Amino acid sequence: MDSSTQSESPEEEVRSFFDSAPHLKNSDLITQRLKDFVDKNSHASENGKPRRIVCVTSGGTTVPLEQRCVRYIDNFSSGHRGAASTEYFVRAGYAVIFLYRRGSCQPYCTYLPEDSFLDFFELSEDSTIQVRQSHSAVVKKSIRDYHAAVDHGFLLELPFTTIFEYLQILQMVATSISHFGSHGMFYLAAAVSDFYVPWNDMAEHKIQSASGPLDMRLTQVPKMLSVLRKEWAPSAFCVSFKLETDPDILLKKADAALNKYQMHVVVANLLATYKQEVVAVTKSQRTTIRKHSQEAHVEEQIIELLVEKHADYLEQP
Ligand code: PMT
């Protein structure tokens, strides 16, 4: 497979991407859920100040190779970072739109043991189902925190699978929270595909192996960070992530993303150590964040720092 060279302008690339994307099947439902969530939170306040809102993206996008998809290219991400970060944002008083890959890690499940689902339960003598005593405290806490977040209007969960769904929903979210102005934040932890097969160039049916080796041309996915900053939500506070495997280029790439896409913060992480350590890069500072104990989540400290930076941003004239 090879990547295509592009001759279109960035704006044209974005337009062609959306024009050729298959329509979202449930866009009316997503619009309604977003509207209800945004209406509710735009009238809410925390400690006498307007409630802040954040869109957390989480998990990897897929690139289908066939319209009736049997095969696809995937991006590495378990969704743990986005899910854990969502919990800390809610705790800090933010309303969270959690845009997540179907089947990836969910908020309030991050402290649950990685046992199989059925290991959580047992049958009592009269055949009623109960949570095992060993898991009971942690399950109770997860249920309580999850329902509190949803019932009090702090959490809206929107799933995606493909790059087409992800970018269309991201645009809907961005335009619907744009009227929160600088009280809105984007925390873009999802691992987003860089290359895709345009819908109209894609085989309809399963690609047949009898035809020999597969030769396929991939088109570059337009970087939506620029459009997000310039058009969709120009006043929002934007945090993007930079994942690399080579430590020698990580911070250079983070600086480049900061300048090129006018991000407020770029969180730089290496595949080998991303669960233990990240560097939050801004125009004036690089802050290394390391988790302080084996059981802790590094996301707790990341969110603490970002909430501070967002507060500074809100105080700017
Ligand atoms: O989910 P976990 O297993 O816990 O892992 C978390 C993580 C390692 C996936 C996360 O910390 C992380 O680094 N996420 C970003 C990974 C990534 O795709 O990096 P990138 O260099 O390809 O993209 C940089 C930024 O550009 C991202 O914020 C992405 O949202 C954005 N992007 C990427 C491609 C594209 N076409 N448009 C974009 O806007």
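Just so it is clear, the structure is predicted and the values come from calculations on it, not from any experiment.

When you go through the protein residue by residue, the secondary structure sums to 8 helices and 17 strands. Computed over the C-alpha atoms, the radius of gyration of the protein is 21 Å, within 12% of the 20 Å expected from 2.2 N^0.38 for a compact globule of 317 residues. Taking the principal axes of its C-alpha atoms as reference, the protein extends roughly 60 × 60 × 45 Å. Out of the 317 residues in the protein, the part that is buried amounts to 47%.

As summarised here, the arrangement of the 8 strands in space is 10-7-4-11-14-15-16-17, forming an open sheet in which the pairing is mixed. Edge positions in the sheet fall to strand 10 (155–160) and strand 17 (286–290), since each of these pairs with one other strand and no more. Going from strand to strand, the sheet's axes swing by 15 degrees on average, the running direction of each strand aside. Sheet topology note: the strand 15 (residues 265–270)/strand 16 (residues 277–281) ladder contains 3 bridges and is antiparallel.

Once that is clear, we can look at the nonpolar core. Counting 59 residues, the largest nonpolar core has Ile97, Leu158, Leu167, Leu170, Ile177 and Phe186 as the members making the most contacts within it. The element that contributes the greatest number of residues to this core is helix 5 (residues 163–177), accounting for 10 residues. Discounting residues that sit within four places of it in the chain, phenylalanine 186 has contacts with Cys55, Leu170, Ala174, Ile177, Leu228, Ala233, Ala236, Phe237, Cys238 and Val239.

Another point: the environment of proline 213. Counting through the fold element by element, proline 213 comes out in the loop between strand 12 (195–196) and strand 13 (217–220). Using a relative accessible area of 81% as the deciding quantity, one classes proline 213 as exposed.

Taken together, Phe76, Leu243 and Leu271 make up a surface patch of nonpolar side chains, about 270 Å² in accessible area. Following the sequence through the fold, leucine 271 ends up in the loop between strand 15 and strand 16.

To continue, consider the packing of aromatic side chains. Throughout the structure, instances matching the rule amount to 15 aromatic pairs. Between phenylalanine 160 and tyrosine 166, the ring centres sit 5.0 Å apart and the planes meet at 70 degrees, which makes this aromatic pair edge-to-face. The class of tyrosine 166 is buried, set by a relative accessible area of 2%. Ring geometry for phenylalanine 237 versus tyrosine 313: centroids 5.2 Å apart, planes at 50 degrees, classification tilted. Taken together, the residues span a long stretch of sequence, with phenylalanine 237 in strand 14 (residues 237–244) and tyrosine 313 in helix 8 (residues 298–315) at a distance of 76 residues. An identical accessibility class is assigned to phenylalanine 237 and tyrosine 313; each is buried. Site record: aromatic cluster; members linked through ring pairs are Phe17, Phe18, Phe164, Tyr196, Trp199 and Trp232.

As a further point, take the UniProt feature "domain: DNA/pantothenate metabolism flavoprotein C-terminal" (unreviewed entry) in the protein. As annotated by UniProt and renumbered to match this structure, "domain: DNA/pantothenate metabolism flavoprotein C-terminal" (unreviewed entry) occupies residues 171–299. As annotated, residues 171–299 has a helix share of 25% and a strand share of 27%, and its two end C-alpha atoms lie 25 Å apart.

Moving on, we get to the layout of surface pockets. What the second largest pocket holds in volume is close to 550 Å³. Grouping the constituent residues of the lining of the second largest pocket by class yields 11 nonpolar, 8 polar and 5 charged.

Turning our eyes to something else, we now look at the site of the ligand. For the ligand, the set of nearby residues contains 23 residues, the closest of which are Ser77, Ser78, Gly79, Lys242 and Asn269. One of the side-chain nitrogen or oxygen atoms of serine 78 is found 2.7 Å away from an oxygen atom of the ligand. Across the complex, the protein chains shield 95% of the 790 Å² of accessible surface that the ligand would expose by itself. Every element with two or more residues in the shell around the ligand is listed here: helix 3 (80–91), helix 6 (224–232) and strand 14. Ranked by residues supplied to the shell around the ligand, first place goes to strand 14 with 4 residues. A breakdown of the residues in the shell around the ligand according to their chemical character gives 12 nonpolar, 7 polar and 4 charged.

The next thing to look at is the pairing of strand 4 (residues 53–58). Burial analysis of strand 4 places 6 of its 6 residues in the buried class, the great majority of the element. Burial along strand 4 is two-sided: Ile53, Cys55 and Thr57 and Val54, Val56 and Ser58, pointing in opposite directions, are all buried. Sheet analysis places strand 4 next to strand 7 (residues 95–101), joined by 6 bridges and oriented parallel. Counted as the bridge partner of serine 58 is tyrosine 100 from strand 7. Where strand 4 and strand 11 (residues 184–188) come together, 5 bridges link them in parallel fashion. Bridge pairing links cysteine 55 to phenylalanine 186 in strand 11.

Following both chains from N to C, one finds helix 5 and helix 6 inclined at 25 degrees, their axes separated by 11 Å at the closest point. Between helix 5 and helix 6, the crossing angle belongs to the class labelled roughly parallel. As for the relative orientation of helix 5 and helix 6, their crossing is right-handed in sense. Taken together, the residues of helix 6 that come into contact with helix 5 (itself represented by Leu167, Leu170, Gln171, Ala174 and Thr175) are Met224, Leu228 and Trp232. Along the lines of polarity and charge, the residues of the contact of helix 5 with helix 6 split into 6 nonpolar, 2 polar and no charged.

Rules behind the numbers
- Residues numbered from 1 in each chain as written.
- Predicted model: local features only at pLDDT ≥ 70, side-chain atom pairs only at ≥ 80, totals over all residues.
- Heavy atoms only, no water.
- Helix = DSSP H or I, 4+ residues; strand = E, 2+ residues; numbered from the N terminus.
- Rg over C-alpha atoms; globule rule 2.2 N^0.38 Å.
- Buried < 20%, exposed > 50% of the residue type's maximum accessible area, 1.4 Å probe, protein only.
- Pairing = 2+ DSSP bridges.
- Axes fitted to C-alpha atoms, helices over the stretch in contact; angles between N-to-C directions.
- Core = buried A, V, L, I, M, F, W, Y, C linked by side-chain atoms within 4.5 Å.
- Contact = heavy atoms within 4.5 Å.
- Patch = residues over 30% accessible without salt bridge, like charges linked within 9 Å, V, L, I, M, F, W, Y side chains within 5 Å.
- Areas by Shrake-Rupley, 256 points an atom, 1.4 Å probe, with all protein chains shown as cover.
- Salt bridge = Lys/Arg side-chain N within 4 Å of Asp/Glu carboxyl O.
- Phe/Tyr/Trp six-rings, centres within 6.5 Å; stacked < 30°, edge-to-face > 60°.
- UniProt positions renumbered as here; feature names shortened; annotations may be inferred.
- 1 Å grid on protein atoms, 1.4 Å probe; cavity = no way out; pocket = protein on both sides within 12 Å on 5 of 7 lines; lining within 4 Å.
- Points joined across faces, edges and corners; volume = space filled by probe spheres on them.
- Nonpolar A, V, L, I, M, F, W, Y, C, P; charged D, E, K, R; others polar.
- Near = heavy atom within 4 Å.
- Polar contact = N/O pair within 3.5 Å; in protein donor to acceptor, adjacent residues only side chain to side chain.
- Parallel < 35°, antiparallel > 145°, perpendicular 65-115°, else oblique.
- Left-handed = near helix turned anticlockwise from the far one by under 90°.

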